[in-house]
Amino acid sequence: MKFLEHAGQYFILLSKVFARPEKYYLYYRQTIREIEKIGLNSFGIVVIISIFVGAVITIQTNYNMENPLLPRYLVGVTVRDSLLLEFSSTMVALILAGKVGSSIASEIGTMRVSEQIDALEIMGVNSASYLILPKIVAAMFFFPILSLLSMFVGIFGGYLTCLFTDILLPSDFIYGIQYMFYPHYIGYSVTKVFFYAFIIVTMSAYQGYFAKGGALEVGRSSTKAVVYSSIVVLLANLILTKLILS
Amino acid sequence: MIEVKNLTKKFDDKIVLDDINVTFEQGKTNLIIGQSGSGKTVLLKSIVGLFPVDKGEIWYDDRQYNALNFKQKKEIRKEIGMLFQGGALFDSSNVQENVMLPLDMFTDMNLSDKLDRVNFCLARVNLSDVNRLYPSEISGGMKKRVAIARAIALNPKYLFCDEPNSGLDPQTGIVIDNLIKNITEEFNITTIVNTHDMNSVMEIGDKVVFIYEGKKIWEGSNDEILTTDCTELNDFVFATNLAKKLRN
């Protein structure tokens, strides 16, 4: 019953979020700010994690493929497909659920408990739309860019590993990266991230928007935002993979 | 003028406001007083529509607010200014952006006119050279004044203040109180102030409504408070030893 109550409240919130904006240029201005907060400020973490994960996948794959019957370039193929199919979409989304999701829930939750949302409502502003819609647009626009960035940086991390160690010739790695490349993997990955962005922002905003009490509750809503959006991202991953790749 | 008729509000089965009838007059500073937990804030938030009421009517002049649809309510909300207990300034916006938000949302003024209006409102609350500062960079009293400036930006017909001088020293509290009273008279606004501060009551209370355990049990002027025979009100007004000594 509780689940149905939350689901109903979530969809009512979404209907408010997608109401007609009062002033488009204000929403545009907010969206630009959110692109900086949600997107640009996540560049660093995505680059650092992707480069290390790309390097580690290369080492692990190489370790498991030390068989003379297997061509060496298969390491490159595996690294590329691992990054394109799963890491740069789902794993990056989980990282962003932690960083962006908790930030959104705590920001909106703090606004709720400090009556800033009430102040917007009193002014006659649709607070749900004004606060959440720009975040959704910013995330759906920028998360795919972060995912693409993660693909390139991850592969670059693998290349650097080959360059600075003797586990694999860089030329084999490059050949593997290019071997049997299916461009639609990128489309598949970006499509998934597009959905994940919506899930992470709306679920986190929901937790913050209905926060009650004080700092403790805001902290709890922030934790719930990360946990629930991560679970739904994983569920969406399963469904989208089945739908797109079948 | 704001009129409340037979207002009842429950949270689950607990009655928080019980059959409240009161009229708040235009151009006057109307005070709602009572102990913490008596239902003052719930009454104020019910009047502005933040809490739906279970029974009763709320009239803004000739419009029954709680019978209007969302769009019609929105129109009235543009005529409302509200000062929250903590100021409720938007942390991520500076002072100028905070005061300008209602103008951005609901007017077609150009930037220069909006800036003029922002500066006028800030000057009206005796603030200058703070436009670029963020709420975290100003004092509690300044936050309240910025919140008042934001509340009056759209020339409201109705002003609501929830414990405007809580957390302020008595001198700053009086400054805020007088500011509210002056603005009320200057712009002929219907102002409702929620407080449990007796300094405010004596300083600015044109009309005072006393709420006790969710019921309105007394109303009158601030002069009449001192001579009332309402026991609960006397217990509230003369709660401190100093007040008791002064009374005797």
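What counts as what
- Residues numbered from 1 in each chain as written.
- Chains lettered and ligands numbered in written order.
- Predicted model: local features only at pLDDT ≥ 70, side-chain atom pairs only at ≥ 80, totals over all residues.
- Helix = DSSP H or I, 4+ residues; strand = E, 2+ residues; numbered from the N terminus.
- Buried ≥ 20, exposed ≤ 12 C-beta atoms within 10 Å, placed from the backbone.
- Domains from an automatic or database assignment.
- Contact = placed C-beta atoms within 7 Å.
- Nonpolar A, V, L, I, M, F, W, Y, C, P; charged D, E, K, R; others polar.
- Core = buried A, V, L, I, M, F, W, Y, C linked by C-beta atoms within 7 Å.
- Pairing = 2+ DSSP bridges.
- Expected span 1.5 Å × (residues − 1).
- Bend = angle between axes of the 7 residues up to and from the residue.
- Axes fitted to C-alpha atoms, helices over the stretch in contact; angles between N-to-C directions.

Student: Looking at this structure, how should I read the overall build of chain A?
Tutor: Per the secondary structure count, chain A includes 9 helices and 0 strands. Ordered by position in the sequence, the α and β elements of chain A form the string α-α-α-α-α-α-α-α-α. With respect to the principal axes defined by its C-alpha atoms, chain A has extents near 70 × 40 × 35 Å. Per-residue burial over chain A gives 43% buried out of 246 residues.

Student: Looking at this model, I keep getting lost on the domain arrangement of chain B. Mind explaining?
Tutor: Interface size is often expressed as the accessible area that is lost when the parts come together. Residues and elements named next belong to chain B. The domain boundaries assigned to chain B delineate domain 1 (1-79 + 158-169 + 189-248) and domain 2 (87-155). Computed over C-alpha atoms, the centres of domain 1 and domain 2 are 27 Å apart. Contact with domain 1, which involves 5 residues of that partner, is made by 6 residues of domain 2. Residue classes in the side of domain 1 that touches domain 2 are distributed as 3 nonpolar, 1 polar and 1 charged.

Student: Quick question: what am I supposed to make of the interface of chain B and chain A here?
Tutor: In this complex, chain B contributes 15 residues to the contact, which on the side of chain A involves 13 residues. Contributing elements (two or more residues each) for the side of chain B that touches chain A: α2 (70-77), β6 (80-83) and α3 (95-106) of chain B. Counted by class, the side of chain B that touches chain A contains 10 nonpolar, 1 polar and 4 charged residues.

Student: Even after reading the chapter, I still don't get the nonpolar core, so can you show me in this structure?
Tutor: Here is a general trend for soluble globular proteins: nonpolar side chains tend to be buried in one another's company. Of all hydrophobic cores here, the largest spans 123 residues; its most connected members are Ala139(A), Ile200(A), Met82(B), Val99(B), Ala149(B) and Phe160(B). At 15 residues, the largest contribution of residues to this core is made by helix α6 (residues 127-164) of chain A. No fewer than three residues from each of domain 1 (1-79 + 158-169 + 189-248) and domain 2 (87-155) of chain B sit in this core. When sequence neighbours within four positions are dropped, the list of residues in contact with Val99(B) reads Val118(B), Cys121(B), Leu122(B), Val146(B), Ala149(B), Arg150(B) and Ala153(B).

Student: I keep staring at the environment of Thr202(A) and nothing clicks. Help me out?
Tutor: Residues and elements named next belong to chain A. Along the chain, Thr202 turns up in helix α8 (residues 184-209). Sequence separation between Thr202 and Lys212 is 10 residues; the distance between their C-alpha atoms is 18 Å. Among residues more than four places away in sequence, those in contact with Thr202 are Leu14 and Ile136.

Student: Would you explain the pairing of strand β1 (residues 2-11) of chain B in this entry?
Tutor: The side chains of a regular strand alternate, first on one face of the sheet and then on the other. Residue and element names in this part refer to chain B. In terms of strand pairing, β1 meets strand β2 (residues 14-24) through 7 bridges, oriented antiparallel. Within β2, the residue paired with Val4 across the bridge is Val22. Linking two consecutive strands that pair antiparallel, namely β1 and β2, is a turn of 2 residues; a positive phi of about 55° is found at Asp12 within it. The sheet contact formed by β1 and strand β4 (residues 55-60) spans 5 bridges and is antiparallel. Following the sheet pairing, Thr8 is matched in β4 by Lys55.

Student: How should I be thinking about the environment of Leu44(B) in this particular structure?
Tutor: Residue and element names in this part refer to chain B. Take Leu44: it is sitting in helix α1 (residues 40-48). Among the residues examined, Leu44 registers 20 C-beta atoms within 10 Å and is labelled buried. C-alpha separation for the pair Leu44 and Asn194, spaced 150 residues apart in sequence, amounts to 7.4 Å. Setting aside its immediate chain neighbours within four residues, Leu44 contacts Ile32, Phe160, Asp162, Ile192 and Asn194.

Student: Is there a simple way to think about α6(A) in this case?
Tutor: The periodicity of an α-helix, 3.6 residues per turn, causes residues three or four places apart in sequence to face the same way. Residue and element names in this part refer to chain A. In this model α6 runs 53 Å from its N-terminal to its C-terminal C-alpha over 38 residues, within 8% of the 56 Å that 1.5 Å per residue would give. Remark: the principal bend of α6, roughly 25°, maps to Phe142, with a proline, Pro144, within the next four residues. Taking burial as the measure, the 38 residues of α6 include 27 buried ones, the bulk of the element.

Student: I keep staring at the sheet that holds strand β5 (residues 63-64) of chain B and nothing clicks. Help me out?
Tutor: Whether parallel or antiparallel, the strands of a sheet pair through hydrogen bonds between backbone atoms. All names here are of chain B. With antiparallel pairing, 4 strands are arranged side by side in an open sheet as β2-β1-β4-β5. The open sheet has two edge strands, β2 and β5, and neither has a second partner. Of the pairings in the sheet, the one linking β4 to β5 comprises 2 bridges and is antiparallel in character. Looking across to β5, one finds that Tyr60 is bridged to Arg63.

Student: Would you explain unusual backbone geometry in this entry?
Tutor: Residue and element names in this part refer to chain B. If you check the backbone angles, Asp12 has positive phi at about 55° while not being a glycine. Mapped onto the secondary structure, Asp12 falls in the loop between β1 and β2. Accessibility expressed as a C-beta count within 10 Å gives 5 for Asp12, which makes it exposed.

Student: How do you make sense of the sheet that holds strand β10 (residues 215-220) of chain B when you look at a structure like this?
Tutor: Residues and elements named next belong to chain B. Read across the sheet, 6 strands follow the order β6-β7-β8-β3-β9-β10 without closing on themselves; strand pairing throughout is mixed. Of all the strands in the sheet, just β6 and β10 have a single pairing partner and so form its edges. For this sheet, the mean inter-axis angle between neighbouring strands, taken without regard to orientation, is 20°. As defined by bridge partners, strand β3 (residues 29-33) adjoins strand β8 (residues 190-195) across 5 bridges and the pair is classed as parallel. What sits directly across from Asn30, in β8, is Ile192. Relative to the sheet, α1 contacts β3, β6, β7 (158-162), β8 and β9 (207-212), its axis offset from that of β8 by approximately 150°. Across the sheet, helix α5 (residues 140-152) touches β6 and β7, and the angle it forms with β6 is around 170°.

Student: Explain helix α5 (residues 116-123) of chain A here, please?
Tutor: Most of α5(A) is tucked away: 6 of the 8 residues are buried. Listing the buried residues of α5(A) in full gives Gln116(A), Ile117(A), Ala119(A), Leu120(A), Ile122(A) and Met123(A). At its buried positions, α5(A) is contacted by α4 (74-113) and α6 of chain A together with α1, α2, β6 and α3 of chain B.

Student: Looking at this structure, how should I read the environment of Leu74(A)?
Tutor: Residues and elements named next belong to chain A. Structurally, Leu74 can be placed in helix α4. On the basis of neighbour count, Leu74 is assigned to the partly exposed category, with 17 C-beta atoms found within 10 Å. Along the chain, Leu74 and Ser229 lie 155 residues apart, while their C-alpha atoms are 34 Å from each other. Those residues within four positions of Leu74 in sequence are excluded, and the remaining contacts are Met65 and Gly176.

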